[in-house]
Amino acid sequence: MSKKDQFFDHIQAGYTTKGDFITMGAAMLEGETITNAHVKIPLKTLNRHGLIAGATGTGKSKTLQVLSENLSDKGVPVLLMDIKGDLSGIAQPGEEKTFITDRHQKIGLDYETKKFPVELLTLSEENGARLRATVSEFGPVLLSRILDLTDVQSGILSVLFKYCDDHHMPLLDLKDLKKILQFSTNEGKEELEQEYGRISSSSTGAILRKIVEIEHQGGDLFFGERSFEPEDLLRTDENGRGYINIIRLTDIQDRPKMFSTFMLCLLAEIYATFPEQGDSDKPKLVIFIEEAHLIFNEASKALHNQIEAIVKLIRSKGVGIFFVTQNPTDVPDAVLSQLGLKVQHALRAFTAKDRKAIKLSAENYPISDYYKTDEVLTKLGIGEALISVLNEKGIPTPLAATMLRAPMSRMDILEPSEIDSLVQQSKLVKKYNETIDRESAYEILNQKIERAETAEAKEKAQQEREAASKSTSTRKTGTQRRQTTTRRRTTQNPITKVLSSPTVIRSILGILGKMIK
């Protein structure tokens, strides 16, 4: 038996499945595509998470597109992060070209073009259904980790959440959170100290600065109502195909804090609301996080731990998570160890550091008798990748350098008019793009402060009136005393008045004069 035949049998045996599957392409040996040596991913293992990695321009986005299309065809909804803006074309059929049909002939698959049901979502003011969440839904623990607060600051945030709960003040958006922080060290300082203990103004100031950082990255658009319901990601169309939900993030890539905040919130909400599913024939939802390094580079240690915990636990909800990035080393080891499916496109070695990174990446894959993994990684062409998945028993399949199939939908962006048409037909846009600003902590606290200021002003006015009245009374009493004294001075005794008259005085002086003579 020739080496090629042995390799064909090796791949066929390693990628045989009993249940439904997705065909990614055909295995290659020494640069030659082995027709019908199909590399398959069992549908039931796609909740074991995965990694799609490779240098810029090697075909990661097209691999993501192929996986999304095939999942949709199998009735599995998908959530995509579209940071570069090149995934919206999934909503329109592709174009049959000679190089694509030649590729599929080598693989041993027929090629067809088709479009898929797509829903456009947005965190900002891009066209699409708005994604929002309230501050209360985050809760003090998750919010503290996102803001990277100290233990003392986290404790203060928990106290303020408790105060708002106790006094029925909803925390909906960032202005609510900023208002309660300001209230806690100003008008409400005494009240909060009596109920919960002293709150340091320096700590609340530090928390406010962290909130302003999130606000400047677009958090004021994300936090608020109406909150997005994760169940809306699970829709299928009239033909039973899963919706491909595309979050347009072209204006978010330079705001990594906002991106990581949203992702962690979404994963936490999905984990909290989805029922346990366990092992099933196919996943309930598959999430692709493009440019995953944006999450991990900006995340604190606490946030890393939170992501790791969610990745470990969320698969029991029937949810698979795929991280898409340039190098496997962009993903922390604790998360990387949880990823069952790995699609590795070419890596480029321009420096000694690059060569070390390639050797490290090669160690993430099963040892193969047919490949020197570190060498193959630098020789893969565009649309080719090393693939290893888990079979239905949870065992890694043989490593296969794979000629990947082409996407069935458009490999380009949608025109603005096509985006407008898609948005106008969307049921989610009608549901979520209405702005709601109901009474919350900001308004309630403002009213409370206004009432307190009004009461204080009334009390001050009353005190001023009393003081003025007292002063008037004092002045009146003094005047009366002076008038009485004057009257006493002007009202003389009658005898004194007679004796002091000029006539009497002249008479007395005349008598005295005669006596002297």
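The rules we used
- Residues numbered from 1 in each chain as written.
- Predicted model: local features only at pLDDT ≥ 70, side-chain atom pairs only at ≥ 80, totals over all residues.
- Heavy atoms only, no water.
- Core = buried A, V, L, I, M, F, W, Y, C linked by side-chain atoms within 4.5 Å.
- Buried < 20%, exposed > 50% of the residue type's maximum accessible area, 1.4 Å probe, protein only.
- Helix = DSSP H or I, 4+ residues; strand = E, 2+ residues; numbered from the N terminus.
- Axes fitted to C-alpha atoms, helices over the stretch in contact; angles between N-to-C directions.
- Parallel < 35°, antiparallel > 145°, perpendicular 65-115°, else oblique.
- Contact = heavy atoms within 4.5 Å.
- Nonpolar A, V, L, I, M, F, W, Y, C, P; charged D, E, K, R; others polar.
- Polar contact = N/O pair within 3.5 Å; in protein donor to acceptor, adjacent residues only side chain to side chain.
- 1 Å grid on protein atoms, 1.4 Å probe; cavity = no way out; pocket = protein on both sides within 12 Å on 5 of 7 lines; lining within 4 Å.
- Points joined across faces, edges and corners; volume = space filled by probe spheres on them.
- pLDDT = per-residue confidence, 0-100.
- Pairing = 2+ DSSP bridges.

Draft legend 1. Structural detail: the nonpolar core. By size, the foremost hydrophobic cluster in this structure holds 138 residues, and its most contacted members are M81, F288, I289 and F323. Element by element, the count of residues in this core is highest for helix α9 (residues 256–273), at 10 residues.

Draft legend 2. Up close: the packing of helix α5 (residues 151–166) against helix α7 (residues 189–196). In the contact formed by α5 and α7, the axes pass within 12 Å of each other and the chain directions differ by 100°. Viewed along their axes, α5 and α7 adopt a mutual orientation that is roughly perpendicular. Contacts between α5 and α7 pair V159, L160, K162, Y163 and D166 from the former with E191, L192, E195 and Y196 from the latter. Taken together, the residues of the contact of α5 with α7 break down into five nonpolar, no polar and four charged.

Draft legend 3. Here's a closer look at the side chain of T58. Mapped onto the fold, T58 is located in the loop between β3 (50–53) and α2 (60–73). A polar atom in the side chain of T58 sits 2.7 Å from the backbone oxygen of A55. Discounting residues that sit within four places of it in the chain, T58 has contacts with H345, A346, R348, G381, I382 and G383.

Draft legend 4. Looking closely at the layout of surface pockets. The computed volume of the largest pocket comes to approximately 530 Å³. Taken together, 23 residues make up the lining of the largest pocket; nearest its centre are P117, V118, Y243, L422 and Q425. Sorting the residues of the lining of the largest pocket by element identifies β5 (118–122), α15 (416–424) and α16 (427–432) as the ones contributing at least two each. By residue number, the principal contributor to the lining of the largest pocket is α15, which donates four residues. Its residues assigned to classes, the lining of the largest pocket comprises nine nonpolar, six polar and eight charged.

Draft legend 5. Broad picture of the confidence of the model for the protein. Put simply, the protein has an average pLDDT of 84, and 86% of its residues get 70 or more. In the model of the protein, helix α18 (residues 494–499) stands out as the element of lowest mean pLDDT, 53, in contrast to strand β12 (residues 400–404), which has the highest, 96.

Draft legend 6. Highlighting empty space enclosed by the protein. One pass over the structure, following the stated rule, counts three cavities of 30 Å³ or more. Size it by volume and the largest cavity reaches roughly 120 Å³. Lining the largest cavity we find L131, R132, A133, E137, F222, S227, F228, P230, F262, C265, L266 and E269. Take the lining of the largest cavity: its biggest share by element is four residues, from α9. Tallied by class, the residues present in the lining of the largest cavity amount to eight nonpolar, one polar and three charged. Reported here for the second largest cavity is a volume of approximately 50 Å³. In terms of lining, the second largest cavity is formed by S260, M263, L264, L267, I289, I295, F296, L303, I307 and F323. For the lining of the second largest cavity, the elements supplying multiple residues, two or more each, are α9, α10 (293–297) and α11 (301–314). Tallied by class, the residues present in the lining of the second largest cavity amount to nine nonpolar, one polar and no charged.

Draft legend 7. Representation of the sheet that holds strand β4 (residues 78–82) in the model. Spatial ordering of the open sheet is given by β2-β1-β12-β11-β10-β3-β9-β8-β4-β7-β5-β6, a layout of 12 strands whose pairing is mixed. This sheet does not close on itself; its edge strands, each paired only once, are β2 (32–42) and β6 (129–130). Taken together, the five bridges between β5 and strand β7 (residues 244–248) define a ladder with parallel strand orientation. By the bridge assignment for β7, T122 is matched with R248. Along the sheet face, α2 touches β1 (21–29), β2, β3, β4, β7, β8 (285–290), β9 (319–325), β10 (341–344) and β12 and points at about 170° away from the line of β8.

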